Amino acid sequence: LSALAYALMLIHLPFKYLGFLELEFSDVPAVIASLAYGPGAGIMVEFIKNLIKAVTVTTTGCVGEMANFLTGACFVGPLGLVFHRYHKKGKTIIAFLAANTGFIIAGILVNYFITVPLYATLFGGMEAVVGVASATVPAVKNLATVVLLGITPFNVFKGIVVSITGYMVYKAVRNVLQNEIR
């Protein structure tokens, strides 16, 4: 699953939101791992995928990989914990709500305190990052608005897309994965 996640991470759609955010599906294998094997497996898929990318083809000085790992772990960790507690009660949606909540909160904190400041240091200063983001979202004026008005809505969208895609793929392969364990 880590190898598949890494391969999916290398597929780039022809557009970037805010000039630097990409919708990609590399979290789907981690969702599958978390649902099938538990939160530790999902977090490990996120770690291995980002470690491989960081040492092979990073274009962000490892900043993007660090952010992807931290936010991805905060998505699949709660997902696996809550899913394994409630899925037999027909409350799988609670697991995905917990996952998206963790992802959004982690995204806000990681981007505000770590990622955007590091990007700014590496790629021309905060004014350059704000300038790129404000070209897409004119209300962006500073670091806080980059995170709250720019990155957070993207993360909400990405969380929903990854949740739906991940669950649909999991449903399609869960019997194979369960037979593999036995």
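See above for the structure.
The following paragraphs examine the structure supplied in this document. (Residues numbered from 1 in each chain as written. Predicted model: local features only at pLDDT ≥ 70, side-chain atom pairs only at ≥ 80, totals over all residues. Heavy atoms only, no water.)

1. Observations concerning unusual backbone geometry
One non-glycine residue with positive phi stands out, namely Leu18, at about 60 degrees. Residue position: Leu18 is located in the loop between α1 (2-9) and α2 (28-37). Residue Leu18 is classed as buried on the basis of its relative accessible area of 0%. (Helix = DSSP H or I, 4+ residues; strand = E, 2+ residues; numbered from the N terminus. Buried < 20%, exposed > 50% of the residue type's maximum accessible area, 1.4 Å probe, protein only.)

2. Concerning the nonpolar core
Ranked by size, the top nonpolar core spans 21 residues in total, and within it Val31, Leu35, Phe75, Leu79 and Tyr170 carry the most contacts. The leading source of residues in this core is α2, at 7 residues. Setting aside residues no more than four positions away along its own chain, Val31 makes contact with Phe75, Val76, Leu79, Phe96, Val162, Gly166 and Tyr167. (Core = buried A, V, L, I, M, F, W, Y, C linked by side-chain atoms within 4.5 Å. Contact = heavy atoms within 4.5 Å.)

3. Details of the packing of aromatic side chains
Ring pairs (aromatic) are described by centroid distance and by the angle formed between their planes. According to the stated counting rule, one finds 8 aromatic pairs in the structure shown. An angle of 80 degrees between the planes, with centres 5.7 Å apart, marks the rings of Phe96 and Tyr167 as edge-to-face. On the criterion of sequence distance, the pair formed by Phe96 in helix α5 (residues 92-122) and Tyr167 in helix α7 (residues 143-181) is long-range, its members being 71 residues apart. On the numbers, 4.9 Å between centres and 80 degrees between planes, the contact of Tyr112 with Phe113 is edge-to-face. Overall, the relative accessible area of 58% leaves Phe113 in the exposed class. Following the ring pairs from residue to residue traces out a cluster consisting of Phe83, Phe96, Tyr167 and Tyr170. (Phe/Tyr/Trp six-rings, centres within 6.5 Å; stacked < 30°, edge-to-face > 60°.)

4. Regarding the environment of Val55
Looking at where Val55 falls in the secondary structure, it is placed in helix α3 (residues 39-56). Distance in space between the C-alpha atoms of Val55 and Glu65 is 10.0 Å, their sequence separation being 10 residues.

5. Thoughts on the packing of α3 against helix α4 (residues 63-86)
With their axes 8 Å apart at the nearest point, α3 and α4 run at an angle of 165 degrees to one another. Judged by the angle between their axes, α3 and α4 are roughly antiparallel. Seen from above, α3 lies across α4 with right-handed handedness. Residues Pro39, Gly42, Ile43, Glu46, Phe47, Lys49, Asn50, Lys53 and Ala54 of α3 form the contact with α4, whose participating residues are Glu65, Asn68, Phe69, Gly72, Ala73, Val76, Gly77, Gly80 and Leu81. Counted by class, the contact of α3 with α4 contains 8 nonpolar, 6 polar and 4 charged residues. (Axes fitted to C-alpha atoms, helices over the stretch in contact; angles between N-to-C directions. Parallel < 35°, antiparallel > 145°, perpendicular 65-115°, else oblique. Left-handed = near helix turned anticlockwise from the far one by under 90°. Nonpolar A, V, L, I, M, F, W, Y, C, P; charged D, E, K, R; others polar.)

In short, the description is geometric, and any link to function would need to be established separately.
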